[in-house]
Amino acid sequence: MLISSVQLPLHSKRILVTAPRNYAARLSEQLINQGALPILMPTIETCVLENFAQLDIALQKIDTFDWIAFTSRNGIDAFFQRLESLGLNHRVLKNCRLSAIGKDAERLAAFGVEVDLIPQQPSPQGIIAELAQIPNIQGKKILVPVPEVVGVPEPDVVPNFVAGLKNLGMSVTRVPTYLTRCLDKSFYEVELNLIRQGKVDVIAFSSTAEVASFLQMFTAKADYQQCVIACFGPYTAANANKLGVNVSIIAQDYSSFAGFAEAIASFFATIKREQGTGDREQEVHNS
């Protein structure tokens, strides 16, 4: 059905997307569907490791693990790319049970492997909660493919996840699978000026690393304080707050970017309704 752009909830809203390219494309599509004008400014990028030694050791003995817990789509892609590079068939995973978060499970299915655990709460903590319900989980060996973070302190999401698995009594092997690193602010003179000039309505963060890298691009909070800050779920929002960022929008459905776009749209719809109520009250007062 054709619909005028002015009828869409985020019509004319300029929303800065700080996610890496592969995520930015998917988030931007959802924002466009709501009428927004995405501005792409990835503050981090994900790429291949410079040293595969730890990952290769884990992959060569993959049949010794009971579980593999993926915390991101990037981790899934990098893991299977390395399997292919080493000439290992996906059948080497037959003895492992796999977990993935939200829509990431679809990516695993695309590689032709079965997903055994998709947590109802789409987060690493959700994986922990559901593993805790499995009898005799203590002592099981679990491989956790994670990013190697360069340029900013490692966010606490992965360390907390590993600690939670160990608290269950599991034997945890954390292995770097891909690289996450900051991008230089010199790439973004135009975009940073738009932010300082107050011409960006929303800054949409999908991870803590994006927030940390973004903050390194500014010398003063006043440079971006005119922008509404949106975060893809409560964990990113909590870490943004720790970094001194005031978050106004937190997606409650953080299993997909559609839920993030809807949360931003709902925020502005609420403002519009409140403004309408205020205008009507003023009219009654004036009459």
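Residues numbered from 1 in each chain as written. Predicted model: local features only at pLDDT ≥ 70, side-chain atom pairs only at ≥ 80, totals over all residues. Heavy atoms only, no water.

Just to check I follow, could you spell out the pairing of strand S9 (residues 228-231) for this structure?
Of the two faces of S9, the one carrying Val-228 and Ala-230 and the one carrying Ile-229 and Cys-231 are both buried. As judged from the 4 bridges shared by strand S8 (residues 202-205) and S9, these two strands associate in the parallel manner. Residue pairing across strands places Ala-204 opposite Ala-230, the latter belonging to S9. Of the crossover connections in this fold, the one passing from S8 over helix H8 (residues 208-215) to the parallel S9 is right-handed. Strand direction decides the pairing type here: S9 and strand S10 (residues 249-250), joined by 2 bridges, are parallel. Along S10, the bridge assignment pairs Cys-231 with Ile-250. Taking the sense of rotation as the criterion, the β-α-β connection linking S9, helix H9 (residues 234-242) and S10 turns out right-handed. (Buried < 20%, exposed > 50% of the residue type's maximum accessible area, 1.4 Å probe, protein only. Helix = DSSP H or I, 4+ residues; strand = E, 2+ residues; numbered from the N terminus. Pairing = 2+ DSSP bridges. Right-handed = clockwise from strand over helix to strand, strands pointing away.)

Honestly, the side chain of Arg-82 in this entry has me stumped. Any pointers?
One can find Arg-82 in helix H3 (residues 73-85). By relative accessible area, Arg-82 is classed as buried at 16%. Leaving out residues up to four positions away in the same chain, Arg-82 has contacts with Phe-52, Leu-55, Asp-56 and Leu-59. (Contact = heavy atoms within 4.5 Å.)

Can you help me understand the sheet that holds strand S1 (residues 14-17) in this one?
Consider a sheet: its strands pair through backbone hydrogen bonds, and that pairing is either parallel or antiparallel. Here 5 strands make up an open sheet; going across it, the order is S2-S1-S8-S9-S10 and the pairing parallel. The sheet is open, and its two edges are formed by strand S2 (37-40) and S10, each paired on a single side. Seen against the sheet, H8 touches S1 and S8 and runs at an angle of roughly 130° to S8. Relative to S9, H9 is tilted by about 135°, and along the sheet it contacts S8, S9 and S10. (Axes fitted to C-alpha atoms, helices over the stretch in contact; angles between N-to-C directions.)

I would appreciate a short explanation of the packing of helix H5 (residues 124-131) against helix H6 (residues 157-167) in the present structure.
Angle between the axes and distance between the axes: these two values describe a pair of packed helices. At a minimum axis separation of 9 Å, H5 and H6 run at an interaxial angle of 5°. The pairing of H5 with H6 is recorded here as roughly parallel in orientation. Taken together, the residues of H6 that come into contact with H5 (itself represented by Pro-124, Gln-125, Ile-127, Ile-128 and Leu-131) are Val-157, Asn-160, Phe-161, Gly-164 and Leu-165. Taken together, the residues of the contact of H5 with H6 break down into 7 nonpolar, 3 polar and no charged. (Parallel < 35°, antiparallel > 145°, perpendicular 65-115°, else oblique. Nonpolar A, V, L, I, M, F, W, Y, C, P; charged D, E, K, R; others polar.)

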